[in-house]
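# Overview (structure and organization)
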Amino acid sequence: MSSPMLETARVTLRDFRSRRDSVDPAVVNFPASALLELHRSVAVAAQSRVRQVVPFDPPNWDPDAFEHSIWRESASAAGFEVERIYVLPHRGISREVVSRQLDLDTAAGIQARVVFIGGIPETNQAEIPEGLWLVDEDVVVLSRSGVGKEDAIWTISERAVDRAQGESFWEQLWSWSEDPATSSRLPVELEEPLVLSADLVHGVSDVLCTSDHVDRGGCGWYHGAWQYLRLLNLVSTPTWHSEFYLEQIAAASNGKQEPRALITGTADYSMLAYVSAATPAVTSIDVLDMCATPLFACRWFAKRIDQQVDTFEEDLLATSAAQGPYDLICCDAFLTRFEPQETVKVVRAWAGLLEPGGVLVTTVRIHPRSARVREFDSAVRDFRERAEQRARRWRPFLKVSPGEIGVLAEYYAGRMKSNDLGGEDFIQDQLIRGGFHIQFEELAEVPGELYPTTYLRLACKKT
Amino acid sequence: MDSGGEKQWEFFLLKNLKIVHRGQELKPLTGRWKRELLTLLLLNPGTHDRATVAGRIWPGDGDSEALRKLRQTLKDLNDELGKGFGDVVVASRTQIGVLEDVSVWVDVHSIKELIEKADVEAAVGLTEAELMPEISSEWIDTARVRHQAALVSQLEHLATQAELRDDLDVARRFTARWVDLCPDVETPRRELVRRLAKAEELAGASAAATDLLALLRDIGLQPSEETRAVLASLHQVPEAEPKPLAVSRDALLVRLGAGDERIAIQAAQALALAALTCSEGTRCLPVTAAADVDANEPCLRIGTVAGRQREVRISLPMVRDLLADPDRFLISVLCQLFDLSEDNLETASSLVARIRELPTPRETKGTVVSTERVSEAIGRLQAGADVAMIGPSAAGKTVAAEQIVQQLTGAGWTVSWVDLSDPAVGAIDLLVSLAVAEEGPAASHLIVLDDLQANPGVAIQIGNLLTEVSPAFSSRLGVVLLGWDSARQLASEVCPGAVTIPCSGEDLLRPVLEGLGGSEVEDAVLSQVRRLSAGDLLVANEAFQHYLRSGEIPSLRQIASATFEELTGGEPLSAEATRLAFILAALGQFEIDAARAFAEAQSQSALEELVARRIVRPVGPFVAVGHRSHAALIVLHLRAGQPDLMDSLGSPVRLSLDYLRLAGDGQIVAMLQRLDLASATRRESDQHGSTFLARSWESIQILRNYLRQQVQRDATWGDNVASAIHAAQTFSRFDEESWGTTARFVRSRWLIDASRLPGPHGRSSRERDDFTAIKEKMDEEDAVKKAENAPVEMPANSIDFDRVHRTWVLGQLLGFEASAPGRSSPRLEDLVAVAEHVQEPAGNFYPSRVPWVTARVVLGLVAAGHTANSSRSVQEACQWLRRPYPEGPYKAGAWEGGTGTWNSTVETTAMCLSALVRAGIPLDDPAIRAGKAYLLSQRAAWVQPGAEVDAANALEAYILTGGRWREVSAELMHLLSWARHKEPWTRTSHLASESQAQSSAVALVANSLVGILWATVKAELPILLEGIATEREAPVEPAMSLSAKDDPV
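Let me begin by describing the structure that accompanies this report. Everything numeric in this text was worked out from a predicted model, so none of it was measured.

## Thoughts on the overall build of chain A
Within chain A, the regular secondary structure consists of 15 helices and 14 strands. Across the 463 residues in chain A, those meeting the buried criterion constitute 59%. Here the analysis covers contacts within chain A between residues at least 6 apart in sequence; of these, 75% occur between residues at least 24 apart. Carbon together with sulfur atoms contributes 51% to the accessible area of chain A, which is approximately 19,100 Å² in total.

Below, the structure written as structure tokens:
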């Protein structure tokens, strides 16, 4: 006779199993540990067609693994169709392993497409499942994310509503997907290496971050979080002014043989990517910042794109190393890092580094005149929640968890400060007094970090 | 009473227990337990588990003590009734019962035969006898309800039979008794009125009708169609004398009430003519009123409507009733002329003022813009179809409709234009417009319903109205509906079969500009205007006019300044008026019309100035600055020109939020309905969540429509009160009419009595089948436990599932009655009293094995306004819920269902958490914190197929315990996707025993989602409005490179 504790434990376990295995007669649940058996079971029972959504995690991918080879074998049988949509983080990552998988699929008769997470609209709340298979015309197999892969439940369902949801998700993914042949020819987007560098920069920031204009006491909280927040499109970067930068940088360097470009203050390599992309004639780009972390990120990126870059760990207001004069100076939302009374010094420093006729391309945040509708604390909380929410979609591809990213985001939002320099008239006045002619100005509403925000976009020529 | 047969044992349970053995009445049985046991067994023939029987009679005792008492009582019973009684009661070691045997007769089981054989007096007496009044126990309540249901059914049958054989007195007697048994039900009361009237007992009928109407008023229901018909037929009257009397109204009223009907009807005619006349002496409806005294029943004849020969006859009692209030008379005449029920019309007194001010035909602008869509619409209308022109705000729909009107009036059509953005406009305006319209040469009348989305309720009323009145017209009625993308579904409801013509400002841009300029517009100009206006035709119009004047494309600020200049005529406004204009425009850009009282409170003189200068227009009880784009331009101008205004008053978003907080939920709903959120739902970026919120609002609308459609198909949800009540919770927020329909079903299906658990009227409603399925699952659980030698507390076979069902329904009914618009307090108070009465000493509600029943009752009590702080009952129930196992149900961080695999621990934990939090238990209570952590740990299970009810409960509990919507947005969207699929809605009438799932799942999930989403939308209004403002407040200004450099134009 067992002890009451064992009796209770047995009852509890039996109850747990009966629930986990499903009490719905139209549903069967498999634990993730039985995933290979599930593959076999479905491969044997499927009659004519299987469509699968497969998350593709390049560092852990083996094209010859059983769960891939068994479907190639099925696809080679007459009258049996297999279609797969691979979900990848970015277009330009691990192209070799992706190509190998796609080549094997094509040879076996599998029709495959690829979809990139960066290309899925952020308003789509659906998380990428661990897997979704539509089997013949009546059954759906799916494993929703939300837990780790090892604990995932794989459900086989013949309920019409589950099937319809699966079909709908498949169609949506298909509409966002690309034909691999076309996709491989498309250029890599400027932001693409983020998923690779974010963990790296986060790691080095602990060592390299000392201080900058944002926080003289140490900026690890800023630079360590920055790339995650960029990946999630939560922070102000050149991407929010993409067309403006590409057009104005190109216009500023137009006609110059070897234009000399300087980036004054940057959080990572984003501005470098734009300068490099918009000025093909540039041979070397200088980057100046007080902190070593963004400079490290710029060197990492420059190496990937084969761009010559020189970095200067210096304060713009006391620079001695930057090798002026330059044809072009670029920076994004840099001026508001300074107090209003320092604006004139910054403008003078820019003017001092530019050639006559050289151009400054930048954006300045314009603060609203009335109080915000949402309290600051509530906006910071929202920011953390949005970070966590968006990070879930990237979970398979990042080392840090959505929860950790949420913590980084909250700290960033609570500490980041953008100085109110006054209205656009004040800023224009400062630039004109500093020896600039305003060639282009535009007020633009951007999503903003904590609140919707207005920016003044400027292209100014040194007179 | 006569048992009517030769039986060895006869038992009389009505009134008091009487036992007759072989024709001889025995001495009254002594001892409460003996009487109770005997009654229980007699009422439930067949054998039963001893534990079950003991549990019913001694519920407060432990199993062994109860069984001991049962043994003793049975022995006492045998001893007192003698050895022959052993043939009646059979007992084994585990079983006990009374066999259905020819030798035993029980009066309750033969009630039908007894009543049929008795004379009327005796039969009525039988229905008045209470079943074993001396017993006070839960199980006897169930038996009494069953008995009462049998009586009701019998009385209904007997009354019908008597009426068929023209025995109206007997029919009336049985019906009156039927009313006694079902005092809160409409049908018996209506039948009583009808039968009294049929028996020509008019005074009685009238009194009964008054009672019936009072009842319906109390319970917040409108009379059914059948009841209306019965009430209407009551008012038949004899003769009266013609000739109007030229005397004062007071004197006429005296004569109207006179016993001499001829005088009264003359007075009626004079009063009617006065009521139909405007203050200027003109007739406000084109009708005449004539007194007809020659007819058998003198009456007032009202007729004829222009071009349409219609006449209504109003009897004297009705006239008396109506003419006491001339305004009501006017509306009634209008309704009767068109065979309308007044339900289709608003009843505000302001209506009459509008009837008396005949609507002026809408002026159309002179510009002729012929576009493809205008031509298509005209073609469709001329071919006999109706048209819905759908597109975003300021896309030129109204301009297009004006063109249609202009061209069709030229072709001999007449027109009615109803602007639904005016909150004072109702179906009555259309009626009046139709009533006065002369028939044109084309014999066709065009009805334009503008801004459909602004007032869906009135739009639907008008749709119904058109269906009703069309046959009364010799002219053909053609309809043009104008509405935003979000109103597409509404358009199809208002006018099924209308041809949809999509509209966009882009399409109309070139023809409008060319219409303004009189010549072809250059592509470069068109392109700049397009960029500036972003599809807003109003802005495009202003921009192009500026271009025509100055040769330059203006900036948005210049357009705003020009608009303001035009409004004010160049004369500056006073500082107070400027301030108020900013506030009203700030609200207006979010489609919020400000209450006039609010504007007056800001500054009455400023409001008068703005109204006098036509910058603001009064719209019923509201004031508005006009089109939303127009309002946005005013804000833009004042922001730029007077930045101090915004510093002192706050941003438009802040002003709107402050106003909405004052105005309440109704105004928020009105604003959301009027805002075109359809375009917001299609955005791909969603930095702060406004797209999610717009989609949430869209989902609320969709789910509400699903629920409403289900109610239209079958308001009983296949006789499932649980589903109906879940749906009613949603209707109470957004759809009073559907709530009323649901209430009619729920209130007629379950009887409420302050002294006992609610009981079904007749057989149990079909969600009772869930409890049969629950018993099976409990049996399985018990078997597993027995096999493992684990203890089984409160075995399934000891539980009274009728009582479980009724206790659970008690919780549901509490929530339902609390959701009543205006709350029907007597019913609610009765239910609260029942809850307090049936609560068990430990604080739980029956049965303790199933804690979600207690949670359900607590949720009901909380909905009724009671909390752990204000109600001892709620406090004790919450204490019990939090009490650790084995004294209470709280088991190491979670609550188990106690129902086998029927309810998961996730679902039960979620329900208990919701009950505790809503009851006011602090969020840092250890049980609540642990329960929330348990729910989160099971999050992956929420989205498993088949776990939709778990998900809905878990999401609700998670948000209630301080969780945030963003954290569970993926799960919310997943559940929404399920609820919006048609398949679950096809199973609304499935029995649990067939589907092995909760029969009310889809209604529960839909209501739960609506609740969560509505709370989210309300809480996050700042984000939603910020998102909308971002699109409109600061559009990209034209770049300096275009505006200041060489002019490309």
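Resuming the write-up.
## Some words on unusual backbone geometry
The amide bond that connects B:Tyr846 to the next residue, B:Pro847, takes the cis arrangement and shows omega of 0°. Residue position: B:Pro847 is located in the loop between α38 (825-838) and α39 (851-863).

## With respect to the interface of chain A and chain B
Across the boundary between the two partners, chain A contributes 57 residues, which contact 57 residues of chain B. Approximately 5,000 Å² of surface area, both sides summed, lies buried where chain A meets chain B, with 52% of it carried by carbon and sulfur atoms. For the pair chain A and chain B, the interface holds eight salt bridges. Here B:Arg966 ties to A:Asp382 by a salt bridge, and the two come within 3.2 Å at their closest N and O atoms. Taken together, the links from chain A to chain B amount to 11 residue pairs in polar contact (both at pLDDT 80 or more). Elements that contribute at least two residues to the side of chain A that touches chain B include exactly α1 (4-20), β1 (27-31), β7 (153-157), α5 (160-176), α13 (376-394) and β13 (436-446) of chain A. A per-element tally of the side of chain A that touches chain B places α13(A) first, with eight residues. Here the side of chain A that touches chain B is built from residues that sort into 20 nonpolar, 11 polar and 26 charged.

## Describing the sheet that holds strand β16 (residues 594-595) of chain B
Residues and elements named next belong to chain B. Across the sheet, which stays open at both edges, the three strands sit in the order β16-β18-β17 with antiparallel pairing between neighbours. Among the strands making up the open sheet, the edge pair consists of β16 and β17 (617-619). Sheet topology note: the β17/strand β18 (residues 622-624) ladder contains three bridges and is antiparallel. Residue Arg-617 lies in a different strand from β18, and its bridge partner there is Ala-624.

## What to know about the pattern of salt bridges
Taken as a whole and assessed by the stated rule, the structure comprises 66 salt bridges over all chains. A:Glu388 is the salt-bridge partner of A:Arg384, the closest N and O atoms lying 3.6 Å from each other. Of the two residues, A:Arg384 and A:Glu388 both sit in helix α13, four residues apart, roughly one turn of that helix. We classify A:Arg384 as buried; its relative accessible area is 18%. The salt bridge partner of B:Glu840 is B:Arg803, with a shortest N-O separation of 2.9 Å. With B:Glu840 in the loop between α38 and α39 and B:Arg803 in helix α37 (residues 801-818), the pair connects residues that are 37 residues apart, well separated along the chain. A relative accessible area of 9% places B:Arg803 in the buried class.

## Describing the side chain of B:Arg768
Residues and elements named next belong to chain B. Following the sequence through the fold, Arg-768 ends up in helix α36 (residues 768-787). The buried category is assigned to Arg-768, whose relative accessible area is 18%. Not counting residues up to four positions away in its chain, the partners in contact with Arg-768 are Phe-801, Asp-802 and His-805.

## Some points on helix α8 (residues 186-198) of chain B
Because each turn of an α-helix spans 3.6 residues, side chains separated by three or four positions end up pointing in the same direction. Counted at 1.5 Å a residue, the expected span for α8(B) with its 13 residues is 18 Å, and the 18 Å between its end C-alpha atoms agrees. Among the residues of α8(B), those classed as buried are B:Glu186, B:Pro188, B:Arg189, B:Arg190, B:Glu191, B:Leu192, B:Val193, B:Arg195 and B:Leu196.

## Observations concerning the side chain of B:Arg806
All names here are of chain B. Within the fold, Arg-806 resides in helix α37. Engagement of the side chain of Arg-806 in a polar contact is seen with the backbone oxygen of Leu-757, the distance being 2.8 Å. With residues up to four places along the chain from it excluded, the contact list for Arg-806 reads Glu-138, Asp-141, Thr-142, Val-145, Trp-750, Leu-757, Pro-758 and Gly-759.

## Some points on the packing of aromatic side chains
Summed over the entire model, instances satisfying the criterion amount to 36 aromatic pairs over all chains. Aromatic side chains B:Trp9 and B:Phe11 sit 6.0 Å apart centroid to centroid with 5° between the ring planes, which places their arrangement in the stacked category. Each member of the pair B:Trp9 and B:Phe11 is classed as buried. Cluster of aromatic residues (ring-pair linked, three or more members): A:Trp221, A:Tyr222, A:Trp226, A:Phe383, A:Tyr411 and A:Tyr412. Over the ring of A:Trp170 we find A:Arg51; its NZ or CZ atom is 5.7 Å from the centre of that ring. The ring of B:Tyr885 has B:Lys891 sitting right over it, with the charged end atom 4.4 Å from the ring centre.

## Focus on the pairing of strand β11 (residues 387-390) of chain B
Successive residues of a regular strand alternate their side chains across the two faces of the sheet. Residues and elements named next belong to chain B. What you see with β11 is no split at all: Val-387 and Met-389 on one side and Ala-388 and Ile-390 on the other are buried throughout. Judged from the four bridges that link them, β11 and strand β15 (residues 499-502) form a sheet pairing that is parallel. From the neighbouring strand, Ala-388 faces β15, where its bridge partner is Thr-500. Bridging between β11 and strand β14 (residues 476-483) involves four bridges; their strand directions are parallel.

## Topic: the packing of helix α7 (residues 168-181) of chain B against α8(B)
Residues and elements named next belong to chain B. Two elements in contact, α7 and α8, have axes separated by 9 Å at closest approach and are oriented at 155°. In terms of axis orientation, α7 runs roughly antiparallel to α8. Remark: the crossing between α7 and α8 carries left-handed chirality. Residues Leu-168, Ala-171, Arg-172, Thr-175, Ala-176, Trp-178 and Val-179 of α7 lie in contact with α8, whose contacting residues are Thr-187, Pro-188, Arg-189, Glu-191, Leu-192, Arg-195, Leu-196 and Lys-198. A breakdown of the residues in the contact of α7 with α8 according to their chemical character gives eight nonpolar, two polar and five charged.

## Considering the sheet that holds strand β1 (residues 9-12) of chain B
All names here are of chain B. Pairing is mixed across the open sheet formed by four strands, whose spatial order is β3-β2-β1-β7. Strands with a single pairing partner mark the edges of an open sheet, and in this sheet they are β3 (24-25) and β7 (104-106). Looking at chain direction, β1 and β7 are connected through three bridges and run parallel. Residue pairing across strands places Glu-10 opposite Trp-105, the latter belonging to β7.

## Let's talk about the environment of B:Ala833
Here B:Ala833 shows up in helix α38. In this structure the C-alpha to C-alpha distance between B:Ala833 and B:Arg756, which are 77 residues apart in sequence, comes to 8.9 Å.

Rules used in this analysis
- Residues numbered from 1 in each chain as written.
- Chains lettered and ligands numbered in written order.
- Predicted model: local features only at pLDDT ≥ 70, side-chain atom pairs only at ≥ 80, totals over all residues.
- Heavy atoms only, no water.
- Helix = DSSP H or I, 4+ residues; strand = E, 2+ residues; numbered from the N terminus.
- Buried < 20%, exposed > 50% of the residue type's maximum accessible area, 1.4 Å probe, protein only.
- Contact = heavy atoms within 4.5 Å.
- Areas by Shrake-Rupley, 256 points an atom, 1.4 Å probe, with all protein chains shown as cover.
- Buried area = accessible area lost by both parts, 1.4 Å probe.
- Salt bridge = Lys/Arg side-chain N within 4 Å of Asp/Glu carboxyl O.
- Polar contact = N/O pair within 3.5 Å; in protein donor to acceptor, adjacent residues only side chain to side chain.
- Nonpolar A, V, L, I, M, F, W, Y, C, P; charged D, E, K, R; others polar.
- Pairing = 2+ DSSP bridges.
- Expected span 1.5 Å × (residues − 1).
- Phe/Tyr/Trp six-rings, centres within 6.5 Å; stacked < 30°, edge-to-face > 60°.
- Lys NZ or Arg CZ within 6 Å of the ring centre and 35° of its normal.
- Axes fitted to C-alpha atoms, helices over the stretch in contact; angles between N-to-C directions.
- Parallel < 35°, antiparallel > 145°, perpendicular 65-115°, else oblique.
- Left-handed = near helix turned anticlockwise from the far one by under 90°.

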